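Now for the letters of each chain:
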Amino acid sequence: MLAYVEGVGLAGPGLRGWLASRSILAGQEPYSFAPTFVAASDLLPAAERRRAGTPVKLALAAGHEAHVQAGRDAAATATVFASSSGDCDNVHHMLEALATPERQVSPTRFHNSVHNAAAGYWSIATQCRAPSTSLCCHDASFAAGLLEAVSQVLSAGAPVVLIAYDHPYPEPLNTVRPIPGDFGVAILLAPGRTERAATVVDVAFVPQEIEASRAADPGLEKLRAGVPAARSLPLLAAFARGTRETVILEYVAGTHLQVAVSPCS
Amino acid sequence: MRPLAITRYSIVNCLGAGARTVAEAVRDRRSGLAPCDFETVRLDTYIGRVPGLEDIRVRPDLGAYDCRNNRLAQVGLELDGFAGAVAEARSRYAAARIGVFMGTSTSGILETELAYRRRDPQTGALPPDYRYTQTHNTYSLADFVRRYLGLQGPAFVVSSACSSTAKVFGNAARLIDAGVCDAAVVGGVDTLCLTTLYGFHSLELTSRAPCRPFDAERDGLSIGEGAGFALLERVDGRNPNGATQLLGIGESCDAFHMSTPHPDGLGARYAMQRALESAGLAPRDVDYINLHGTATRTNDAAEDRSVWELFGDRTPCSSTKGATGHLLGAAGITEIIISLLAIEHDFMPGSAHTRRVDPALRSHYLIETREARVTRVLSNSFGFGGSNCSVVLGAAH
């Protein structure tokens, strides 16, 4: 399944935006870990901005950057959101409240607990009424999102943005499900070659064991192995290098996605 | 879209287990709602509970996945010859050519709710027998179903609140159309938990009585639990074509508010319009609409408005949530299967518990069941975050 990459957005540890991170991902500059910087989004109305947690901000920041790169209005782009666990802080606070005798749950926390909260805030921020899906596939959530996004581009013949994000749980869930860092990535995919299209991807489902691509830098590889959304790093590195190559992403239970990447120019 | 054959389906909820039981209950306007007696919950509300889930366990080889949500998944997979039909499909295609696209809103979060009561008083740690990945994580359901059925195709869970298990029909259709799969198991499960019972209560959206969709005195929803599964295949003569087909699907966002629908039903109208376009049909081609109809003041008013604007007062419609309760993430598949039953058994479901239709609502709402030929049905599912999905189903020619 073919799609053209018009824009990328990125917010991760030591990766402050796609443009600033490209040379690091391409191996031209050293990577050094730093906590993820996520600016408060001015896309949201004030009331929603107060209610939105870090995962929503990650998704908004990455999605916005991808649209800026692509020069597209987000109101017209269909969306695929992929996350391993949604708003982990919010879930933890709900669970704590439910373990008390009073069981006082905040209505805002409850509506923020849905897995598609980021999609809801995004649509309010961008006034986008195009189709939107919110997926989960545990560690393979990015790969599942990519498969879905590319199939949507193909079936609708219209642009789709994939936004994948993950955020650590606080304790005690962090011990049983450690996610070592905040990470948000957005890839805006279009059905045809446009002026903004830098890369073309050809995505195939491979139902067998093959070795997954890794990040060359040990720090980035640690991120890739630990944060589900950061499993996108080998693909982003291929975009950054601008070379023709094949990236293998782990999918579910021994299956993989094979992504043939080639520059448009 | 190219229609897809629905070659098998199974259903379980508070009305009972199996398609025949559910069809008879819906036709007779029976309700499975009863005063809330779930776990330690003390809320003045009605629920649609599936009896006996506390006493069963999932298949021993998948024991790590044991939780209320996956138990109900297993019950559903064993009903209506569903697992057997998938096994036949597996031999017809290959295990790697059958996708699994499930929907759920809360997955096995009940396990974590209970584990948070058993945290170590010194360290705060969760009990050692707690299993996050196989129970709480949203993907757990598709992981369980895929392993249970021995499938090796692509899989994921859609979790967009109460539209989840309608949207999975779209995911399956796209990946079958793209040639990634030959068939797909779609549907999903949601089960009772404290998060949704206390959460909806905090939003003042639950009724103290059994919910009354479209009633003048409706005052909120009743939460239920249930599972439903469907096997989708190409209409190409290679498979034993079912009696019904997926004809179209439409998805949209409200872009309005996280927990309140757009007052004009704008997103809902887009979803219905896109579903009709995708099926290549006009509003007059639809015989019956199964509404989302949660019985909250705002949902029913907004949905009525959007239906009336598209269909006028011509097309009979009803909500079956007075019978089943609101199955949240499982509402989509449940009502899609009820729509298939309406097509196969020639009836338009009446509305359990609704006594007098709100005179402010203008759609052609059915309180009583109507015996009539039903060829095409539109089914609506709307969720928090303004996530809307409409699905068009039809009789196979």
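Structure report, in brief. (Residues numbered from 1 in each chain as written. Chains lettered and ligands numbered in written order. Predicted model: local features only at pLDDT ≥ 70, side-chain atom pairs only at ≥ 80, totals over all residues.)

With that settled, the discussion passes to the overall build of chain A. Scanning chain A for helices and strands turns up ten helices and nine strands. Here the C-alpha atoms of chain A give a radius of gyration of 18 Å, agreeing with the 18 Å that 2.2 N^0.38 yields for 265 residues. Counting every position in chain A, which comprises 265 residues, the buried fraction comes to 60%. Contacts spanning at least 24 positions in sequence make up 71% of the contacts within chain A whose residues lie at least 6 apart. (Helix = DSSP H or I, 4+ residues; strand = E, 2+ residues; numbered from the N terminus. Rg over C-alpha atoms; globule rule 2.2 N^0.38 Å. Buried ≥ 20, exposed ≤ 12 C-beta atoms within 10 Å, placed from the backbone. Contact = placed C-beta atoms within 7 Å.)

Turning our eyes to something else, we now look at the overall build of chain B. Across its full length, chain B carries twelve helices and 17 strands. A compact globule built from 397 residues would reach a C-alpha radius of gyration of about 21 Å, and chain B, at 20 Å, matches this within 12%. Its C-alpha atoms give chain B principal-axis dimensions of about 60 × 50 × 40 Å. Classification of the 397 residues of chain B by burial places 67% in the buried group. Once local pairs closer than 6 in sequence are excluded, the contacts in chain B between residues at least 24 apart make up 80%.

Glancing now at the environment of A330 of chain B. Residue and element names in this part refer to chain B. Here A330 lies in the loop between α11 (321–324) and α12 (331–345). In this structure the C-alpha to C-alpha distance between A330 and A125, which are 205 residues apart in sequence, comes to 32 Å. Ignoring any residue separated from it by four or fewer positions in sequence, one finds A330 in contact with T165, G188, V189, D190, G226, A227 and G228.

Now for the interface of chain A and chain B. Listed as interface residues are 50 residues of chain A and, on the opposing side, 51 residues of chain B. Contributing elements (two or more residues each) for the side of chain A that touches chain B: α4 (88–98), α5 (107–112), α6 (117–126), β4 (132–136), α7 (141–156) and α8 (173–176) of chain A. Examining the composition of the side of chain A that touches chain B, we find that seven residues originate from one element, α7 of chain A, more than from any other. Within the side of chain A that touches chain B, the residues separate by chemical class into 26 nonpolar, 18 polar and six charged. The pairing of β4 of chain A with strand β6 (residues 155–158) of chain B spans two bridges and is antiparallel. (Nonpolar A, V, L, I, M, F, W, Y, C, P; charged D, E, K, R; others polar. Pairing = 2+ DSSP bridges.)

Let's shift gears to the environment of A34 of chain B. All names here are of chain B. Examined against the element boundaries, A34 turns out to sit in strand β3 (residues 34–35). As a C-alpha pair, A34 and G18 span 16 residues in sequence and 20 Å in three-dimensional space. Not counting the four nearest positions on each side in its chain, A34 is found in contact with Y46, I47 and R49.

If you trace the backbone, H326 of chain B turns up in the loop between α11 and α12. Each C-alpha atom of the pair H326 of chain B and C211 of chain B lies 8.9 Å from the other, and the pair is 115 residues apart in sequence.

Right, let's get into the sheet that holds β3 of chain B. Residue and element names in this part refer to chain B. The strand order across the open sheet formed by three strands is β3-β4-β8, and the pairing between neighbours is mixed. Pairing within the sheet leaves two strands with one partner each, and these edge strands are β3 and β8 (223–224). The pairing of strand β4 (residues 46–48) with β8 spans two bridges and is parallel. In the sheet register, G48 faces β8, and the bridge partner there is G224.

A pair of packed helices can be characterised by two numbers: the angle between their axes and the separation between those axes. The geometry of α7 of chain A relative to helix α7 (residues 164–177) of chain B is characterised by a closest axis approach of 9 Å and an angle of 75° between their N-to-C directions. Considered as vectors, α7 of chain A and α7 of chain B are oriented roughly perpendicular to each other. Between α7 of chain A and α7 of chain B, the contacting residues are E148, S151, Q152 and S155 of chain A on the first element and N171, R174, L175 and D177 of chain B on the second. Of the residues contributing to the contact of α7 of chain A with α7 of chain B, the split by class is one nonpolar, four polar and three charged. (Axes fitted to C-alpha atoms, helices over the stretch in contact; angles between N-to-C directions. Parallel < 35°, antiparallel > 145°, perpendicular 65-115°, else oblique.)

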